[in-house]
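Results of the structural survey
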Amino acid sequence: MDRLVRLGDFLRSRRARLTPEDVGMEVQRHRRVPGLRREELAQLAGVSVDYYRRLEQGRSTNASPVVLDAIARTLRLSETERAHLFDLANPVCNPTRCAPVAQTVRPATLQLLDTLDRGDTPAAVLGRYTNFLATNRLYRALLMWDDGPPQNRNLAQLTFLDESCRILLRNWDIVSGDVTAMLRFGIGRHPRDPVLNDLIEELLASSDAFRRLWANHNVHDRPSGIKHYHHPVAGDFSLNYQGLTLADPDQYMCVHTADPESPSAAALALLAKWARTRSSPP
């Protein structure tokens, strides 16, 4: 999809979630739109209605940073949403952002994964395409994978195309929304990457759930939150997870932790013990 079309869709979705009350405007009866009108948004942002209309219709190719900043403030965008808006409006097309990339993990990062594993902490490194670049032993046990390399596994494909993921994650609806929002942010940053575009097209064609979530236009840069597991070995437990930015572009480490001295911490310790036994030589 053309980036200007994505820009218009994103602006409409953010405008629709604001109400006149949110911005201190007097509410009129019989409004036909759920959120702010274009005219109201343009007035609040200090731009002409025609200019803003052309932005939403994908007909403006030279939006200035000053105008974009005013629109972002008016729409009350988060920092991640603001970055996404600027990516869509003013993409920087160079070989590292528009071409597919083959990513590798630094030896120091692999050492960190092993260190976290010894501390009973599941962790994985993911790349531009939500693909797993490296995982530690406990993370593989958490997802019930064979104990070995990730073998081209992909978080988005796992989430939407593998039914076992819905069984494993008790709050799959929330986690799947976060994964979709990460892809939204990624395609805004790398609009012409063919691998990323192919991945999104595959998910749109194969998953009703992904299509519904994609239409929300939510964006996330790095994941964070809580995952509630229903695990065949360790039972029901919950883990906090946080995406940590790494030195290499478009890579982050997702680290999972349990609250100290909680039932989830005990379940994670049980899973770690099972993982060590499973991967030990006979």
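To keep things clear, this report deals only with the structure shown in the data block. (Residues numbered from 1 in each chain as written. Predicted model: local features only at pLDDT ≥ 70, side-chain atom pairs only at ≥ 80, totals over all residues. Heavy atoms only, no water.)

A word on the overall build of the chain
Applicable threshold: Helix and strand definitions follow DSSP, with helices as H or I runs of at least four residues and strands as E runs of at least two, each counted in order from the N terminus. Summary of the burial criterion: residues with accessible area below 20% of their type's maximum are buried, those above 50% are exposed, and those between are partly exposed, where the area comes from a 1.4 Å probe applied to protein chains only. Note on contacts: a residue pair is in contact if any heavy atoms of the two residues lie within 4.5 Å. The accessible surface values rely on the Shrake-Rupley method and a 1.4 Å probe; as for residues, cover is taken only from the protein chains in view. Positive charges come from Lys and Arg alone, negative charges from Asp and Glu alone, with His and the N- and C-terminal ends not counted. In this description, the location of a charge corresponds to atom NZ of lysine, CZ of arginine, CG of aspartate or CD of glutamate.
Of the regular secondary structure elements, the chain holds 14 helices and five strands. In terms of overall dimensions, the chain has a C-alpha envelope of 70 × 45 × 30 Å along the principal axes. Here the chain holds 282 residues, and 49% of them are scored as buried. Considering only residue pairs separated by 6 or more positions, the chain has 58% of its internal contacts joining residues 24 or more positions apart. By element, 52% of the accessible surface of the chain is carried by carbon and sulfur atoms, the whole surface being about 14,100 Å². Looking at charge distribution, the chain has the averaged site of its 36 positive side-chain charges lying 4 Å from that of its 33 negative ones.

With respect to the pairing of strand E1 (residues 123–126)
Working note: regular strand, side chains alternate between the two faces of the sheet. What counts is decided by this rule: A strand pair is defined by DSSP finding two or more bridges across the two strands.
By the alternation rule, side chains of E1 split into Ala123 and Val125 and Ala124 and Leu126, which are all buried. Sheet topology places E1 next to strand E5 (residues 252–257); four bridges connect them, and they run antiparallel. When the sheet's bridge partners are listed, Ala123 is paired in E5 with Val255. Summarising the sheet, E1 and strand E2 (residues 132–135) pair through three bridges and their orientation is antiparallel. Residue pairing across strands places Val125 opposite Ala134, the latter belonging to E2. Hairpin connection from E1 to E2: five residues lie between these consecutive antiparallel strands, with Thr130 at a positive phi of about 55°.

Remarks on the packing of helix H1 (residues 3–16) against helix H5 (residues 79–89)
Heads up, the rule is: Convention adopted: a line fitted to C-alpha atoms gives each axis, helices being fitted over their contacting stretch, and angles between N-to-C directions are expressed from 0 to 180 degrees. For any helix crossing, the convention is left-handed if the near helix is rotated counterclockwise from the far helix by under a right angle, and right-handed if that rotation is clockwise. Throughout, the ten residues Ala, Val, Leu, Ile, Met, Phe, Trp, Tyr, Cys and Pro are labelled nonpolar, Asp, Glu, Lys and Arg are labelled charged, and all others, Gly among them, are labelled polar.
Taken N-terminus to C-terminus, the directions of H1 and H5 make an angle of 150°; their axes are 8 Å apart at the nearest point. Once H1 is placed against H5, the crossing between them reads as left-handed. Contacts between H1 and H5 pair Arg3, Arg6, Leu7, Phe10, Leu11 and Arg14 from the former with Glu81, His84, Leu85, Leu88 and Ala89 from the latter. Looking at the contact of H1 with H5, its residues break down into six nonpolar, one polar and four charged.

Things to note about the environment of Asn152
Looking at where Asn152 falls in the secondary structure, it is placed in the loop between helix H8 (137–142) and helix H9 (155–161). The spatial distance from the C-alpha of Asn152 to the C-alpha of Asn131 is 6.9 Å, given a sequence separation of 21 residues.

Some remarks on the packing of aromatic side chains
The following threshold applies: Working definition: rings of Phe, Tyr and Trp (its six-membered ring) pair if their centres are within 6.5 Å, and the pair is stacked with planes under 30 degrees apart, edge-to-face with planes over 60 apart, and tilted otherwise. Should the NZ of a Lys or the CZ of an Arg lie within 6 Å of a ring centre and within 35 degrees of the ring normal, that charge is described as sitting over the ring.
If you walk through the whole model with that rule in mind, you get seven aromatic pairs. Arranged with centres 5.7 Å apart and planes meeting at 50°, the rings of Phe132 and Tyr139 form a pair that is tilted. Their ring planes at 20° and their centres at 5.4 Å tell us that Tyr229 and Phe237 sit as a pair that is stacked. Assessed through its relative accessible area of 2%, Tyr229 is described here as buried. Geometry around Trp214 places Arg184 over its ring, the cationic atom sitting 3.9 Å from the centre.

Details of the environment of Ala209
Tracing the backbone through its elements, the reader meets Ala209 in helix H13 (residues 208–214). Residues Ala209 and His220, spaced eleven residues apart in sequence, show a C-alpha to C-alpha distance of 18 Å. When residues no more than four places from it in sequence are discounted, the contact partners of Ala209 are Phe160, Arg166 and Trp172.

Focus: the sheet that holds strand E3 (residues 224–231)
Taking strand neighbours across the sheet as the criterion, the five strands line up as E2-E1-E5-E4-E3 in an open arrangement whose pairing is antiparallel. Edge positions in the open sheet fall to E2 and E3, since each of these has one partner strand only. Strand-to-strand, the axes of this sheet are offset by a mean angle of 25°, without reference to chain direction.

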